[in-house]
Amino acid sequence: SVRLTGTKYGCGGGGCGACTVMLSRLQPATRTITHYSVNACLLPLCQLHGASVTTVEGVGSTKTRLHPVQERIAKAHGSQCGFCTPGMVMSMYTLLRNRPQPTMEDITQALAGNLCRCTGYRPIIDGCRTFCQVQNCCQKGEQNPDEPFLPLDPTQELIFPPELIVSANPKTLTFRGERVSWVSPSSLEELLQLKARNPEAPLVVGNSNIGPGMKFKGVLHPLMISPTRVTELFEVTRTPQGVWVGAGCSLTEVWSLLEKLLPQLAEEQTGLFRALIRQLGTLGSLQIRNVASLGGNIVSAYPNSDLNPVLAAGNCRVSVVSAGKRELPLNQDFFVSFGKTILKPEEILVSVFIPFSRKGEFFGAFRQAPRKESSFSTVTTGMRVFFSEGSRVVQDVSIYYGGMGPTTVCATKTCAAIVSRPWDDETLSQAYNVLLDELVLPLSAPGGKVEFRRSLTLSFLFQFHLEVLQKLKEMVKYKPKPLKWTTSFVFFDFSSTPLLRLLLLQHVPKDQSDQDPVGRPIMHRSALSHATGEAVYCDDLPATEGELFLALVTSSRAHAKITGLDASEALRLPGVVDVITAKDIPGQKARKLCGYEEELLAETEVSCIGQMLCAVVADSRSHAKRGAAAVKVAYEDLPDPAVEKSSFFEPRRTIERGNVTEAFESVDQVHEGELRIGGQEHFYMETQSMLVVPVGEETEFNAYVSTQFPTLMQEAIAETLSIPSNRVTCHVRRIGGAFGGKVVKTAALACITGVAAWKTNRAVRCVLERGEDMLITGARHPVLGKYKVWISRDKTIYSQEGLLIMLLKFLLHFDNAYNIPNLRGHAAACRTNLPSNTAFRGFGVPQSLLVVENMVEDVAALLRRPAHQIREINMYKGPSVTQYKLEFSPENLQRCWEECKLKADHGARRRAADQFNRENRWRKRGMSIVPIKYGIAFSDGFLNQAAALVHIYKDGSVLVSHGGTEMGQGLHTKMQQVASRELHVPASKVYISETSTNTVPNASPSAASCGTDANGMAVQNACQILYQRLEPIRLRNPKGSWESWVQTAFYEKMSLSATGFYKGPDLYMDWDKKEGRPYAYFTFGVCCCEVELDCLTGDYRTLRTDIVVDIGRSVNPSMDIGQIEGAFMQGLGLYTLEELKFSPSGLLYTRGPSQYKIPAVCDVPLRFNVYLLPDSSNPHAIYSSKGIGEPAVFLGSAAFFAIKDAAAAARSESGLVGPFSLNSPATAERACLACASPFTQKIPASKPGSFKPWALNI
Ligand SMILES: Cc1cc2nc3c(=O)[nH]c(=O)nc-3n(C[C@H](O)[C@H](O)[C@H](O)COP(=O)(O)OP(=O)(O)OC[C@H]3O[C@@H](n4cnc5c(N)ncnc54)[C@H](O)[C@@H]3O)c2cc1C
Ligand code: FES
Ligand code: FES
């Protein structure tokens, strides 16, 4: 209601950081003010009593004064779609409030919990690092090195509101809501009484467990108790044996306390403290640690809590009170079952005792998580061993694991096998076997990854073994015989390694006018509005009177008949206005695509979990959601048609070059392989959002939709409502990321919202929650690729055949950069009972090319030759022809290849990596260099058209409209540059307000990497028409100003408005003749990547990435480099990190950032260099540029192949050589198992089909 829309909502569960704000509180004990970043989405409003909240609007604005953080992130090109930017700004701003001169480590810590799907983080980090103490090249503005950034002046920050500096309020605070009451007692006594009367009421401290439970699992707590004013819960008391820490202290406070105590104690006393600090460093994100309490973590009893195993191994105790007081050891008896401890419901945990360690006592703390930071652990552990002085015989040992069962578990038998024995290889070898028998997980255990989890328990014990051996060396002068596997074992801490970057922007010609912005690294035209939170996204639009909210009811069955749908209960709920079913749709009830129909709302049968059934409209979001939850659907299950039943969509496609059958006769070697590539969630930061407003007369609607294809929205709504298209106007101002995912499903959602608006005659808003969005809207297609390759003696790939379960773009790209003379590909799309998938950046190409390159890697492994040599031998050279008979020149592909090898210092680094691998057993380095040839434009020729409308107003300002949408790729900025050049006016005179179907009709989608190519030509055309129209006036008054010419034109009754049109190339593909010209040109690129892999855990870090891309003459190099970096990181996510997990019954488990990990700051290569190929041009696109939106996604595969290379090095230590299978994504689990270490080999392999897996391998 206060219209502060800058803070964004991306997930609601504390996992994305888009909602970050700064909270400031007066600490009653010290009377100091603390500032900390928090996730607004998890912060209960009642918890804010006495606190001050600073949102991005309070930091700075374009109207008054920008804050240096906002300015620097924007100027460093750290904002593309801008949806993550306010959160980034707030994380960094809070850091600066606490540390005006932060270190790089502070910055990466502060940003670890903020996700960005567009930029790849490098520019955000570069913007922030300008605040670092160490002077560096980024501390001057990039556009003008002489103009420094705004200085940071901490004295100018907002002060803590004096009205909040009041003495503690002794009264009980009570807040009552519609269904929940909130009580905040002011003393322990009062708290105990309250808890005794209401034992089931939770204590809410950080709300990081209670909050997600209420939001996502529908748990309702009618009474919530906030103990944050009870001082006993925050007290810290030091004793001679250790320290009592208040259970209410946040994890950040615990960390600072332990850090503070370190220098005050002897080193031997700090073993447990260090182990806890190690875990705290990667536990959740800073925003989570700032609120999550120590007591909350313990009592939540998560199976994979990172603290509990360490606290338990460290002999910690807790003090609990209810009517009486008792002290309990934190051991295996404390943790009873999933989420349960032995505490009685009325008991309150007051404080936790963390003992000092003793001489001869050593601690280990290890964790392995799907992502290095801001991710729950897969397996986590705390270990302690105690030796009496001068001895290496174990006196006491304690080993706890998380992630190995429903709660924290103690490996008691393993400890028994170690105690009273010398700490050496023999003891430990036996301990591994005991551990293996002791911690057995059922093959269908929740969370899956059973083999990996079991192997991690061994790996962690082994790592602890090595660490303890080092310590024993010093303590008892024990010289362990060098372990076969331990040569040069190194623990790396990458967090302190600075990020290095090198961007080579192109040079503009010397004679180009200073005013002409084309070819220059102009900042995104909305970057400052993004950074100040002023940029308006769909859900930021103010509510209109009587507006309703729409929530969807989706199928909970994968394949079933709908036997009943009862909305009566929902309709009785407060605020619920109506329920929309298929029967309410006045026009077309289904959307047709590629000849197949998809119902908007299922009527009789469902074919996947998540299929939309009906929609509830209510006066608020929460009422609509409650209404949707109350709709009852009855089903009758139907059998599932699976892949084995050959349920393929038609037509299937084949393409062939040469004669594969004949070629088979004359080859030396044949190899067959297979690769599975998992799907990928778009994870645009702004979920699907729309608002449909009836205009009030003649069935006219305004649809505000976050979409890449406004024309489709207009058509679809019109067809659904059975009205002409001229009654619907679709408006798109900006989109918070799309990546292909805001076209087809968005249209279905817009249609349903349109029906609701039509039926109720009120404005209806629909904004999906992250979980719904992931469930409903589909993802990148998963692929099963099979190949058979014939290899000739000269190492060329003679022939290749592929069965790829996807279609056209696959087949058109599956030669990639190689001139394979005989090549045949078949592709088919499967019908499944999973949500229908959709376009995602590259649309099939990233999958197709991975199969091809995997085949190349196999060939190299078979021939025992480096993969890059096989690539070079087979690469297109000289005038070339594709498998669909398109002639092209691969000269720039070759140039990119050579340039990338040179820039990356490929030869020397390859040798250094091999040397490293010879010296290290448990860490291996892998390198890979991968090319791409990517076809640009729509192969459906009719889509290659664009239009623009340009108005010049009397004051000389210019309004440009075109058919493309701004989704972060910087299209509007580039169009501004085009208009500026063509009209010879400064870019500041040109404005672009929105994309709308009433200014530019029938526009193509912003997709296929050709937005700039097509719209740029249309804008150019319109501007040239106008500029020529002004020519007589210009000639009459050559010294006149632009404004004077425009005014003269007006008085001379000259039209100052023009449309521009671009008729693009007539591209086509004739699948019967298997030939065509489906692309206008190719974008080429090469990426070289080096990773270091921890073979014991599968954890990897990208050490360096060098990319050379041929994008002709870039219209805006900073924007294009942004696209390359962002796409590379998305590719890195696709191939190494992001996993969609489905239950055997077809339910998507991974429905939010807590379960689905996209790359975060911790995944950025330590060195990340992007180079644009110089001296390249392209006659097919505006100003000789090339499209780049999609191609670089595939370059992320270089990380995949580098991991595979490192795994191959590890396998060779176990005597395994030759091709091996590693499916995509190469997650830590897959990479670790591929390394085939002695630990993974101890785990008996599961027999597929012998058990029901927790998740399907799709
Ligand atoms: C995005 C995200 C990432 C996370 N990542 C990790 C991770 O990597 N590793 C990890 O270990 N944890 C992780 N967590 C979990 C987090 O650490 C815990 O949720 C948190 O510590 C719980 O503390 P809280 O104060 O927020 O608890 P609340 O949500 O406020 O309360 C949780 C429960 O504890 C009870 N409780 C709280 N205090 C007391 C007390 N003093 N006496 C008795 N009962 C009490 C409450 O009654 C309630 O049942 C993550 C959480 C989120 C949301
Ligand atoms: S919206 Fe709060 S963390 Fe995602
Ligand atoms: S700019 Fe970060 S999500 Fe788009």
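Counting restarts for each chain, with residues numbered from 1 along the sequence as it is written. Each chain takes a letter, starting from A, and each ligand takes a number, starting from 1, following the order in which they are written. The predicted origin of the model limits local features to residues at a pLDDT of at least 70 and limits the giving and counting of side-chain atom pairs to 80 or more, whereas totals for whole chains, interfaces and linings rest on all residues. Each side-chain value is derived from all of the structure's non-hydrogen atoms; neither hydrogens nor water enter the calculation.

### Observations concerning the overall build of the protein
The criterion, for reference: Counting from the N terminus, the helices are the DSSP runs of H or I reaching at least four residues and the strands are the DSSP runs of E reaching at least two. We take the radius of gyration over the C-alpha atoms and set the globule estimate at 2.2 Å times the residue count to the 0.38 power. For every residue, the accessible area (1.4 Å probe, protein chains only) is compared with the maximum for its type, and the residue is labelled buried under 20%, exposed over 50%, or partly exposed between those bounds.
What the protein contains, in helices and strands, is 34 helices and 48 strands. The globule rule puts the C-alpha radius of gyration for 1258 residues at 33 Å, and the 31 Å found for the protein is close to it. Along the longest, intermediate and shortest principal axes, the C-alpha atoms of the protein span 95 × 80 × 70 Å. The proportion of buried residues among the 1258 residues of the protein is 62%.

### Examining the side chain of Thr 1102
The following threshold applies: Contacts are assigned to residue pairs with any non-hydrogen atoms lying within 4.5 Å of each other.
Structurally, the position occupied by Thr 1102 is in strand 47 (residues 1100–1110). Setting aside residues no more than four positions away along its own chain, Thr 1102 makes contact with Cys 1089, Glu 1090, Val 1091, Leu 1132, Val 1164, Pro 1165 and Leu 1166.

### Observations concerning the UniProt feature "binding site: [2Fe-2S] cluster 1" (unreviewed entry) in the protein
Put simply, the rule reads: UniProt positions are given in the numbering used here, feature names are shortened, and annotations may be inferred rather than shown by experiment.
In the numbering used here, UniProt assigns the "binding site: [2Fe-2S] cluster 1" (unreviewed entry) feature to Cys 11, Cys 16, Cys 19 and Cys 41. Judged by maximum C-alpha separation, these annotated positions cover 31 residues in sequence but sit close together in space, the widest gap being only 10.1 Å. Looking at where Cys 11 falls in the secondary structure, it is placed in the segment before strand 1 (20–27). If sequence neighbours within four positions are ignored, Cys 11 has contacts with Cys 16, Phe 216, Glu 769, Arg 770 and Pro 1153. With respect to the secondary-structure elements, Cys 19 resides in the segment before strand 1. With sequence-adjacent residues up to four places away left out, Cys 19 is seen in contact with Thr 7, Lys 8, Val 38, Asn 39, Ala 40 and Cys 41.

### Some details on the nonpolar core
The condition is simple: Throughout, nonpolar core names a set of buried Ala, Val, Leu, Ile, Met, Phe, Trp, Tyr and Cys residues whose side chains join them through atoms within 4.5 Å.
With 200 residues, the main nonpolar core has Tyr 121, Tyr 401 and Trp 423 as its most contacted residues. The dominant element in this core, judged by the number of residues it contributes, is helix 14 (residues 450–476), at 13 residues. What Tyr 121 contacts, discounting residues up to four positions off in sequence, is Met 88, Asn 114, Leu 115, Cys 116, Met 1129, Pro 1159, Ala 1160, Val 1161 and Val 1164.

### Details of helix 2 (residues 85–98)
Using the following cut-off: Here the expected span of a helix is defined as 1.5 Å times the quantity of residues minus one.
Its 14 residues place the ends of helix 2 20 Å apart at the C-alpha level, agreeing with the 20 Å of an ideal helix rising 1.5 Å per residue. Within helix 2, twelve of the 14 residues are buried, which leaves the element mostly enclosed by the surrounding structure. Within helix 2, the full set of buried residues consists of Thr 85, Pro 86, Gly 87, Met 88, Val 89, Met 90, Ser 91, Met 92, Tyr 93, Thr 94, Leu 95 and Leu 96.

### Observations regarding the sheet that holds strand 26 (residues 632–637)
To keep it simple, the criterion reads: Pairing between two strands is assigned when DSSP locates at least 2 bridges connecting them.
Judged by pairing direction, the sheet is antiparallel, and its three strands sit side by side in the order 24-20-26 without closing on themselves. The strands lining the two open edges of the sheet, one partner per strand, are strand 24 (605–606) and strand 26. With two bridges connecting them, strand 20 (residues 560–566) and strand 24 associate as antiparallel partners. Each bridged residue has a counterpart across the sheet, and for Ala 560 the counterpart in strand 24 is Val 606.

### Considering the site of ligand 1
This is how the line gets drawn: It suffices for a single heavy atom of a residue to lie within 4 Å of a molecule or strand for the residue to be listed as near it. Think of a polar contact as two N or O atoms within 3.5 Å of one another; within protein, one of them needs to be a possible hydrogen donor and the other a possible acceptor, and neighboring residues in sequence only count if both atoms come from side chains.
With respect to spatial proximity, 29 residues lie near ligand 1, and among them Val 205, Ser 208, Ser 293, Tyr 302 and Asp 306 are the closest. With respect to ligand 1, the backbone of Asn 207 contributes an N or O atom lying 2.9 Å from an oxygen atom. In the environment of ligand 1, a nitrogen atom lies 2.7 Å from a nitrogen or oxygen atom belonging to the side chain of Asp 306. Breaking the shell around ligand 1 down by element, the ones donating at least two residues are helix 10 (294–300) and strand 13 (348–355).

### Here we look at helix 28 (residues 1011–1029)
Each α-helix turn comprises 3.6 residues. Residues three or four places apart therefore point the same way. Counted at 1.5 Å a residue, the expected span for helix 28 with its 19 residues is 27 Å, and the 27 Å between its end C-alpha atoms agrees. The buried fraction of helix 28 amounts to 14 of the 19 residues, a majority that puts the element mostly inside the structure.

### Some details on unusual backbone geometry
A cis amide bond links Glu 650 with the next residue in sequence, Pro 651, at an omega value of 0 degrees. Tracing the sequence through the fold places Pro 651 in the loop between strand 26 and strand 27 (653–657). Even without being glycine, Ala 1236 reaches a positive phi, approximately 50 degrees. Within the secondary structure, Ala 1236 is located in the loop between helix 33 (1228–1234) and helix 34 (1238–1242).

### Focus on the side chain of Lys 924
Position of Lys 924 relative to the elements: it lies in strand 38 (residues 923–936). Look at Lys 924 and you get buried, because its relative accessible area is 1%. A distance of 2.8 Å separates a polar side-chain atom of Lys 924 from the backbone oxygen of Asn 917. Excluding anything up to four places from it in sequence, Lys 924 contacts Phe 916, Asn 917, Val 1091, Glu 1092, Leu 1093, Cys 1095, Ala 1206, Ala 1209, Ala 1210 and Glu 1213.

### Quick word on the sheet that holds strand 17 (residues 409–410)
Here is the rule: Throughout, an axis means a line fitted to C-alpha atoms (over the contacting stretch in the case of helices), and angles, computed between N-to-C directions, take values from 0 to 180 degrees.
If you walk across this open sheet you meet the four strands as 14-15-16-17, and the pairing is antiparallel. Sheet topology places strand 14 (361–368) and strand 17 at the edges, where each strand pairs with a single neighbour. Examined bridge by bridge, strand 14 and strand 15 (residues 379–387) share eight bridges and lie antiparallel to one another. The residue bridging Phe 366 from the neighbouring strand is Thr 381, located in strand 15. Its contacts with the sheet put helix 8 (residues 271–280) on strand 14 and strand 15, and the angle it makes with strand 14 is roughly 5 degrees.

### Some details on the pairing of strand 16 (residues 394–402)
For a regular strand, side chains alternate in direction, first toward one face of the sheet and then toward the other. Judged by how many residues are buried, strand 16 sits mostly within the fold: seven of nine residues are covered. Pairing geometry for strand 15 and strand 16, over eight bridges, is antiparallel. Bridge assignment links Thr 380 to a residue of strand 16, and that residue is Gly 402. Hairpin connection, strand 15 to strand 16: the antiparallel pair is bridged by six residues, and Gly 390 has positive phi, about 80 degrees.

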